[in-house]
Each structure stands twice: as C-alpha cells, then as structure tokens.
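So you can see what is in the structure, the chains are spelled out below.
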Amino acid sequence: MSNPNRTLSGKYAIVGVGQSDLGQVPGSSSLGLLNEAMHNAVNDAGLSKPDIDGIICRGPDDVYTHHQRMGELLGIDAQFSTTLDNGGASQILSIILAVMAIDAGMCDVVLCGYGRDSWSRTHRDTTARMSVPLVPPEQERSEFNAEMGMFGAVGMHALGASRHMALYGTSKDHLGSIAVAFREHALRNPAAQMKQPLSMEKYHSGRPIVDPFNMYDCSLVTDGAGAVVVCSAERAKDLRQIPVLISGFGTFNNLRGWYYDEHMTDTAARRSGGKAFSMAGIGPKEIDTAQLYDCFTYMVLTQLEDYGFCAKGEGGPFAMSGALGLDGALPSNTSGGQLSEGHVEGMLQILEGIRQLRHSYGPDRQVSDAQWALVSGHGGNTVCHSSLILQRGGA
Amino acid sequence: MSGVHRPVPRPSPETVPFWEACQQERFLLPRCSQCGSFWFPPTAFCPECWSPNWDWHEATGLGSLHSFVIFRRQYHPAFVTPYAVGVVHLKEGPNILGRILTNDFEKLHVEMPLTLMWDRAEEWVIPAFQSF
Ligand SMILES: [Zn+2]
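Just so it is clear, the structure is predicted and the values come from calculations on it, not from any experiment.

Within chain B one finds one helix and seven strands. The C-alpha atoms of chain B give a radius of gyration of 16 Å, which matches the 14 Å a tight globule of 132 residues would have. Across its three principal axes, chain B shows a C-alpha extent of roughly 45 × 35 × 25 Å. Within chain B, buried positions represent 48% of all 132 residues. Taking contacts inside chain B between residues at least 6 apart in sequence as the whole, the part at least 24 apart equals 50%. By element, 52% of the accessible surface of chain B is carried by carbon and sulfur atoms, the whole surface being about 6,500 Å².

See below:
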C-alpha cells in the first residue's frame, strides 16, 4: 500500500469558503447555485477573478462537461480544469487533485465545488417526487438491480446496516443516536433545513423507508452548493483568512462492489483514512472534530470504526455514549450534517471543518480550541472514499 | 395491476446467455478454466486471473443470506410493499442480489440457508431465493 507524499503535508491550504442559499430554493438551478457559492468563496479569500486559474468540480449527473459550463459562467479560461466522477467522494478528491495540480506546476489557485438543485427538481409539481429520479435512468445499472426490486442508494446502504447489525449487535437505538446528535447540532445552525428537535422516541416513530432505515436514517433532499479556494500555504499567509492547512489526504475505492467480500461492513474509509493519517503524521486521537459523510446514519457508524475512533463493532455504543455532541469525545457533523443541515454531497462537511478550524463560531457552536479536523467523502456506487485531514494554520 | 410493468433486465452481450438459460430455469455461472473461480455478473474475462477461457457452469442455487432489507416505501408501482431483497452468498463463491420471496420477514436472518427459485416478471424469468 502506497502512502501520499508527506512533504506535501501542510504545503497547501484552503483560503476561502463559500456556499449558496440552502434548503428549498425555488427557481434555483444546479449551475446557478454553484456559481453563487464559487463567487462567495473567492470573495471570502480576498481574491478576485484574475487570481483563479484552476476549476475542479463535479456536476449534476446530467450535465455534460460540467467544468466547462462553470468556466463559462465565471468567465475564466483555466490552466487546469476537470469534472470528477467519484460520487460523494468527489468533493474531497477535487481538493486532493487541486494540490496535485498546483504542486505539479499546472496552476496556482484552484476553485473546487459542487452544487445541486435536488429539492427543486423533485418538487416542481405534485408528481415530481415520484417521477423525477435523482440519477438519470440511462445511468442506472441496466440489469441485476431494478428487476430484483432494488431501488436507490437507501436500499444499498440499508444492506450494510443490516449486515452490521447481524455481525456486531448494532441496534436501531445506535443508529438513532446518530440522527439525534446531528439534529441537536442543526438546531444551533440557522442555515440548517431541519428546525424541529428530534427525540429518540420520535426517531423510532419515523416513517419506514427500507428496513432497517426509517426517514430519520436518511439524508435530506437539498438545493445548495459549496465551494473552496485552494492555493499554497506560502501564498495563504498574505490572504484575508486564517489559513486551514491540508495536512493529510487519502483515497481508497472498493471497486469490486458493495456486495463483494465484507465491503459493506469494512468500508473503503479504513484504507482511505490510513493514508490520510500517515501523511498528516497524526492518529485518530489527535482529531478534534470529524465531519463524516452521512448520507445515512449507518455510514457514520461504520466510519467511526473504519477510521479507528473506536474498534470494529463498537461504533454504535461509541455514538450512544454522546461522543458526537459538541462537548463529546469527537464532536461530529457540527453543522447538522447531511441528515439535518442539508445534503450537498459532502461539500458542506468540508466547509464546516474549515469554519471550526477558523474558530468562526460563538461558544454555542464552536468546538473548543479545534486544531485538527477530519472530513470524509463517500459515494459512487457506495464504494468510493476520500479523506481529508485539516489543521488550523498560523495566525 | 394492468398497465403496470415490472422493470426488466436490459442485458449486455456478456449476459445474454445467462438470461436465456434462466428462461429454461437453468442457473448458470461463469467458471474460469484457468483458475477455477466462479464470478458474477458474467463478463468476458475472469476478474481473478484475467483469463478469457471460461465456460458456463450450472450452479447449485444454494447459498446463505449475506444481508437483506425490507422495502417499506414504494419505489415502483409494480413492486408492492413490503418485500424483501437480499444479497446471497452462493455456494460457488459469488455474492449476488435477489428477491427473497417470503411474507414472514421475522424469520429472515443473516447467514440463513437459501435456495434458488424463479420469479416470473413480464416475459422474463428472474432468479430469486427462498428459505431452504
Ligand atoms: Zn481465472
């Protein structure tokens, strides 16, 4: 197993973050939301359009050559630009690729981002909720899937939860404790989609979706976009914000599939995270806050184990202990996550990790003296994983 | 349910013989002539040793339940909920997706023994599984 080059650790930084309006944004478009987020990220960095010479993004699945459309909207000819195809793992991968491109001399300042009008496109009229798929039919598997009654990411991830429950005694209470913890974070975030408290009792009464998941185990349908600006740590010293250093990253993709071997319960997060920790020169104990890809409650539970925050099989009890709360052992998804803030395929988790390390918040939301953050991305056909370890830079 | 059609497979060139055998209620898996491994879904080369030399082998249809879920929300009008879908660890080695045909969901458990049965949809015969 190879590990990322340690000499790159801390050599590059995230210097700007931006997001669009979030939640239910009637009349929005995927490209328009991302355009707004990218403008905000560049402004946040104290940079301007001529500084940007790279664009890496992942578009809605139905827009061809997405980065070209973004460059057109932004009015930028790029030295380096491309669109990624690793699902929810793409957003961290775009930052990794930005570092690689800058280090190779391809470009200097890269805009990375993702946006989607997922709520608007599924709520255009009363029938759209059932009839408008989030993944275009021609991109779905053509066989060994729908004819067997398998539909959507929820069924795939529920298979993982079901096997984990059988192997390790994981319970619905364990899954629920994750949904409840993230809802508590969301209630402190004015931008979050979910505004109502979630008790364990209310969790258990949630509308069933695909056993063992009910509606509260599933992430939200959101209009929204997020973007970041990446450049060298050297250049970051002269910019407006406290730099957040890119200390470690890693990827691993279990391409043989979710059904293969033990991929459902021993996810690609383990080897992706191992690379990131190796590059950063730290371990799970040093992490002050984790922002984990929470498309479903179960993915948080297995990632807690796969990243080594607890032993395999202990993710449920670890979450139940209160570890994920703001004063817990590992404050996680402190903006409410995709389960309660909004689902922008991991982009908001990257922004929250950065904001925590900038110490952007008042005491009600701030992870006390946060120096290190872990952010994860997971997706594709449930098998791609990317990890990012961020460190608060010098003042 | 007249007018409501079940989703049916859209085979690739590599999987046409598999589906044709299903029509005759024969469950075929590709088996590598070089390394002996079975795999699924069917492809042109053995994914273990990359050999192009393999043949179709009639499988036992026996396996155990790797994992399962029960669909409660209706995603397709032809799939009336609740119904169970599982990943089955076949005796020959591969893990494959299939419906688990039962109404007694309480009896489903990971590692339970299963056997193949046939699920007829539109003009298709689709592998499914039941308790063994
Ligand atoms: Zn072989």
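Let us keep going from here.
Another point: the domain arrangement of chain B. Often, the extent of an interface is quoted as the loss of accessible area on bringing the components together. Residue and element names in this part refer to chain B. You can read the domains of chain B as domain 1 (10–59) and domain 2 (60–132). Put simply, the middle of domain 1 and the middle of domain 2, counted by C-alpha atoms, are 21 Å apart. Listed by partner, the interface residues are 14 residues for domain 1 and 14 residues for domain 2. Taken together, both faces of the contact between domain 1 and domain 2 bury some 1,300 Å²; the carbon and sulfur share is 73%. Joining domain 1 to domain 2, the criterion identifies one salt bridge. One salt bridge in this structure joins Glu25 and Arg120, with 2.5 Å as the shortest N-O distance.

It is worth spelling out the coordination of the zinc ion at this point. All names here are of chain B. Looking at the zinc ion, one finds its protein donor set to be Cys32 (SG), Cys35 (SG), Cys46 (SG) and Cys49 (SG), positioned 2.3 to 2.4 Å from the metal centre. With four donor atoms in place around the zinc ion and angles of 101 to 117 degrees between them, the coordination shape is tetrahedral. Taken in sequence order, the residues that donate to the zinc ion follow the motif C-x2-C-x10-C-x2-C. Taken together, the positions of Cys32 in strand E1 (residues 28–32) and Cys46 in the loop between E1 and strand E2 (54–58) put the pair 14 residues apart, joining distant regions of the chain. Note on accessibility: Cys32 and Cys46 belong to one class, buried.

Residues and elements named next belong to chain A. With 17 residues, helix H6 (residues 152–168) extends 25 Å from end C-alpha to end C-alpha; this agrees with the ideal 24 Å at 1.5 Å per step. Most of H6 sits out of view: twelve of its 17 residues are buried. Once H6 ends, the next one or two residues include Gly169, with phi positive near 75 degrees.

So, about the pattern of salt bridges. One pass over the structure, following the stated rule, counts 21 salt bridges over all chains. With its nearest N and O atoms 2.6 Å apart, the salt bridge here joins Glu262(A) to Arg163(A). Linking Glu262(A) in the loop between strand E8 (244–253) and helix H10 (269–280) with Arg163(A) in helix H6, this pair joins segments that are 99 residues apart in sequence. Arg163(A) gets classed as buried once you look at its relative accessible area, which sits at 4%. Among the salt bridges present, the one from Arg163(A) reaches Glu111(B), with a minimum N-O distance of 3.5 Å. Taken as a pair, Arg163(A) in helix H6 and Glu111(B) in the loop between strand E5 (95–100) and strand E6 (113–121) lie in two separate chains rather than in one. Taking relative accessible area as the criterion, Glu111(B) reaches 45% and is therefore assigned partly exposed. A single salt-bridge network, built from bridges that share partners, covers Arg163(A), Glu262(A) and Glu111(B).

Residue and element names in this part refer to chain A. Judged by pairing direction, the sheet is mixed, and its nine strands sit side by side in the order E3-E2-E4-E7-E1-E8-E11-E10-E9 without closing on themselves. Edge positions in the sheet fall to strand E3 (80–83) and strand E9 (289–291), since each has one partner strand and no second. Here the strands of the sheet are splayed against their neighbours by 25 degrees on average, with no regard to which way each runs. Alignment of strand E1 (residues 12–19) against strand E7 (residues 223–232), held across seven bridges, turns out to be antiparallel. Following the sheet pairing, Gly18 is matched in E7 by Ala227.

Turning our eyes to something else, we now look at the interface of chain B and chain A. Chain B puts 39 residues into the contact, and the matching count from chain A is 33 residues. Three residues, Arg10(B), Arg73(B) and Leu97(B), lead the burial of chain B against chain A; their summed loss comes to 22% of the area buried on that side. Applying the counting rule to chain B against chain A returns three salt bridges. Here Arg72(B) and Asp211(A) are joined by a salt bridge, their closest N and O atoms 2.9 Å apart. Our count for the chain B to chain A interface comes out at 19 residue pairs in polar contact (both at pLDDT 80 or more). Per-element accounting of the side of chain B that touches chain A gives the leading share, six residues, to strand E3 (residues 62–71) of chain B.

Below, the discussion takes up the environment of Leu301(A). Residues and elements named next belong to chain A. Relative to the helices and strands, Leu301 resides in helix H11 (residues 297–306). Taking the relative accessible area as the measure of exposure, Leu301 reaches 0% and is therefore buried. Beyond its immediate sequence surroundings of up to four residues, Leu301 is in contact with His164, Thr170, His174, Leu175, Ile178, Gly315 and Gly316.

All names here are of chain A. Secondary-structure assignment places Ser387 in strand E11 (residues 384–392). For Ser387, the side chain forms a polar contact with the side chain of Ser272, separated by 2.5 Å. Within polar-contact distance, the side chain of Ser387 engages the backbone nitrogen of Gly273 at 3.4 Å. With near-sequence residues (within four places) excluded, Ser387 lies in contact with Ile92, Ile96, Gly248, Phe249, Gly250, Ser272, Gly273, Ala276, Tyr307 and Val375.

Time to look at the environment of Met299(A). Residues and elements named next belong to chain A. Here Met299 is to be found in helix H11. It is 17 Å that separates the C-alpha atoms of Met299 and Gly274, two residues lying 25 residues apart in sequence. With near-sequence residues (within four places) excluded, Met299 lies in contact with His157, Trp258, Thr267, Tyr293 and His378.

Criteria and cut-off values
- Numbering of residues begins from 1 in every chain and follows the order in which that chain's sequence is written.
- The order in which chains are written sets their letters, starting at A; the order in which ligands are written sets their numbers, starting at 1.
- The predicted origin of the model limits local features to residues at a pLDDT of at least 70 and limits the giving and counting of side-chain atom pairs to 80 or more, whereas totals for whole chains, interfaces and linings rest on all residues.
- Hydrogens and water are ignored here; the side-chain numbers use all heavy atoms of the structure.
- Counting from the N terminus, the helices are the DSSP runs of H or I reaching at least four residues and the strands are the DSSP runs of E reaching at least two.
- In this treatment the radius of gyration is a C-alpha quantity, and the globule benchmark scales as 2.2 Å times the residue count to the 0.38 power.
- Exposure categories follow from relative accessible area, calculated using a 1.4 Å probe and restricted to protein chains: below 20% of the type maximum is buried, above 50% is exposed, and the middle band is partly exposed.
- Only heavy atoms enter the contact rule, under which two residues are in contact if any of them lie within 4.5 Å.
- What sets the accessible areas is the Shrake-Rupley method with a 1.4 Å probe; for residues, cover comes only from the shown protein chains.
- For each domain, the first and last residues come from an automatic or database assignment.
- By definition, the buried area sums, over both parts, the 1.4 Å-probe accessible area that each loses when the two are put together.
- One speaks of a salt bridge when a side-chain nitrogen belonging to Lys or Arg is within 4 Å of a carboxyl oxygen belonging to Asp or Glu.
- Coordination partners: N, O, S within 2.8 Å of the metal, 3.2 Å for Na, K and Ca; water not considered, so apparent gaps in a site are possible.
- Every geometry call rests on angle ranges, with four donors termed tetrahedral when all angles are between 85 and 135 degrees, four termed square planar and six termed octahedral when opposite donors are over 155 degrees apart and all others are between 65 and 115, and everything else termed irregular.
- Expected helix span is given by 1.5 Å per residue-to-residue step, counting one fewer step than there are residues.
- Whether two strands pair comes down to DSSP finding at least two bridges between them.
- Helix axes are fitted to C-alpha atoms over the stretch in contact, other axes to C-alpha atoms as well, and angles between N-to-C directions run from 0 to 180 degrees.
- The definition of a polar contact used here is a pair of N or O atoms within 3.5 Å, where within protein one atom must be able to donate a hydrogen and the other to accept one, and adjacent residues in sequence count solely through side-chain atom pairs.

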